[in-house]
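These are the residues of each chain, in order.
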Amino acid sequence: MTPVLNVKGMVKRFGGLLATDHVDITVNPGEIHALIGPNGAGKTTLISQLMGELRQNEGTIELDGVPITSLPTAKRVSMGLARTFQITCLLPDYTVLDNVAIAIQVRQGHSFRFWGNVRHAQELRQSARGFLDAVGLGDRAGELVANLSHGEQKQLELAVALATKPRLLLLDEPMAGLGHVESQQMIEMLRGLRNQVSMLLVEHDMEAVFALADRISVLVYGRIIATGTVDEIRDNPEVRTAYLGEGDELC
Ligand SMILES: Nc1ncnc2c1ncn2[C@@H]1O[C@H](COP(=O)(O)OP(=O)(O)OP(=O)(O)O)[C@@H](O)[C@H]1O
C-alpha cells in the first residue's frame with residue numbers, strides 16, 4: 001500500500017537549533033496519524049515544511065508516491081495537500097459562504113475571480129453549501145466571518161480546507177481554544193471525515209488524540225522518539241518520561 005504521505009530523513013536547522021532531526025513519518029490511506037510533543041518540539045515547523053512554506057535542509061516528501069519535495073505550496077495544494085492553522089486564517093469581512101467559495105475557485109485554478117457568470121455562481125454556491133453542511137455550518141452561510149464564535153471559525157476553517165478536495169489534511173491544533181462541547185463536536189466532525197481524507201493531526205488535547213488517532217508519533221526536540229497505536233504510546237515509558245516527566249499520567 002502506497003502511503004498518502006511519506007517523509008524520509010527530514011532535517012531543518014534554524015542556526016544552531018535542530019528543529020527537525022531526521023524525521024521519517026508516513027500517513028496511510030484513511031488514517032488519522034497524530035503528531036504530539038511538548039511546546040517547541042517542532043510540530044509546526046514540520047507541517048510548514050510539508051506544505052512547502054518552509055524549505056527543509058535535507059529529506060524527501062512524497063504524496064501518493066509522487067515526489068513533492070521541491071514543489072511550491074500552490075502546486076502541493078493542487079495535488080491534494082491542505083492545512084488548517086493554530087490561529088484561524090479566514091477572510092473576516094466576507095461571509096461564511098464566500099470564504100468556502102473562494103477556496104473552491106482556487107482549487108479550480110482561478111486565483112480570485114469571485115462569482116463570475118450566473119450559472120457558475122450557482123454551482124459554486126451549491127458546492128460551497130455542501131462543504132458548510134459537512135461541518136455543521138449550513139445555517140450560518142450568510143453570516144460575516146467576523147461575527148462567528150471561535151468554535152464556528154474552526155469549523156469554517158475545516159470547510160475551507162475540505163473545499164480544496166485534499167488527499168491529506170494537515171491539522172494544526174484544531175481543538176485550540178475550544179470549550180468542552182465544541183471540542184466534542186470537532187472530534188465527531190473529524191471522525192466523520194476520516195473516510196474522505198487522510199489526516200496528520202497535531203494536537204495537545206490528549207482526549208482528542210486518543211479518541212481519533214489510528215497511530216501516534218511523539219516528537220521531542222525535533223526527533224520522533226516513538227510511533228505506535230494509542231495503547232502502545234500510552235504505555236511507552238520513554239514517551240512518559242520525555243513528554244510529561246517521570247510519574248505523570250498520559251491520560
Ligand atoms: N523561524 C524560526 N526561526 C528560528 N527558530 C524557530 C523558527 N520557527 C521555530 N523556531 C524554533 O524551532 C523550534 C520548534 O518550534 P515549533 O513552533 O515548530 O514547535 P511546536 O512543536 O509547533 O510548538 P507548539 O506546540 O508550542 O506550537 C522552537 O525551538 C522554536 O523556537
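Calculation notes
- Residues numbered from 1 in each chain as written.
- Predicted model: local features only at pLDDT ≥ 70, side-chain atom pairs only at ≥ 80, totals over all residues.
- Heavy atoms only, no water.
- Axes fitted to C-alpha atoms, helices over the stretch in contact; angles between N-to-C directions.
- Helix = DSSP H or I, 4+ residues; strand = E, 2+ residues; numbered from the N terminus.
- Parallel < 35°, antiparallel > 145°, perpendicular 65-115°, else oblique.
- Left-handed = near helix turned anticlockwise from the far one by under 90°.
- Contact = heavy atoms within 4.5 Å.
- Nonpolar A, V, L, I, M, F, W, Y, C, P; charged D, E, K, R; others polar.
- Phe/Tyr/Trp six-rings, centres within 6.5 Å; stacked < 30°, edge-to-face > 60°.
- Lys NZ or Arg CZ within 6 Å of the ring centre and 35° of its normal.

Looking at an unreviewed UniProt entry, one finds the chain named ABC transporter ATP-binding protein, with Aminobacter carboxidus as its source organism.

Participant: Sorry if this is basic, but what is going on with the packing of helix α3 (residues 96-107) against helix α5 (residues 150-162) here?
Facilitator: Any two packed helices are characterised by how steeply their axes cross, that is the angle between the axes, and by the distance between the axes. For the pair α3 and α5, interaxial distance at closest approach is 8 Å and the crossing angle is 25°. Between α3 and α5, the interaxial angle falls into the category roughly parallel. Both α3 and α5 take part in a crossing whose hand is right-handed. Contacts between α3 and α5 pair Val96, Asn99, Val100 and Ala103 from the former with Leu156, Ala159 and Val160 from the latter. Of the residues contributing to the contact of α3 with α5, the split by class is six nonpolar, one polar and no charged.

Participant: Which parts of the structure should I look at to understand the packing of aromatic side chains?
Facilitator: Summed over the entire model, instances satisfying the criterion amount to zero aromatic pairs. Across from the ring centre of phenylalanine 210, 4.5 Å away, lies the NZ or CZ of arginine 234, which sits over that ring.

Participant: Sorry, what's going on with the environment of aspartate 98 here?
Facilitator: Secondary-structure assignment places aspartate 98 in helix α3. In the structure, aspartate 98 is positioned 31 residues away from arginine 129 in sequence and 10.0 Å away in space, judged by C-alpha atoms.

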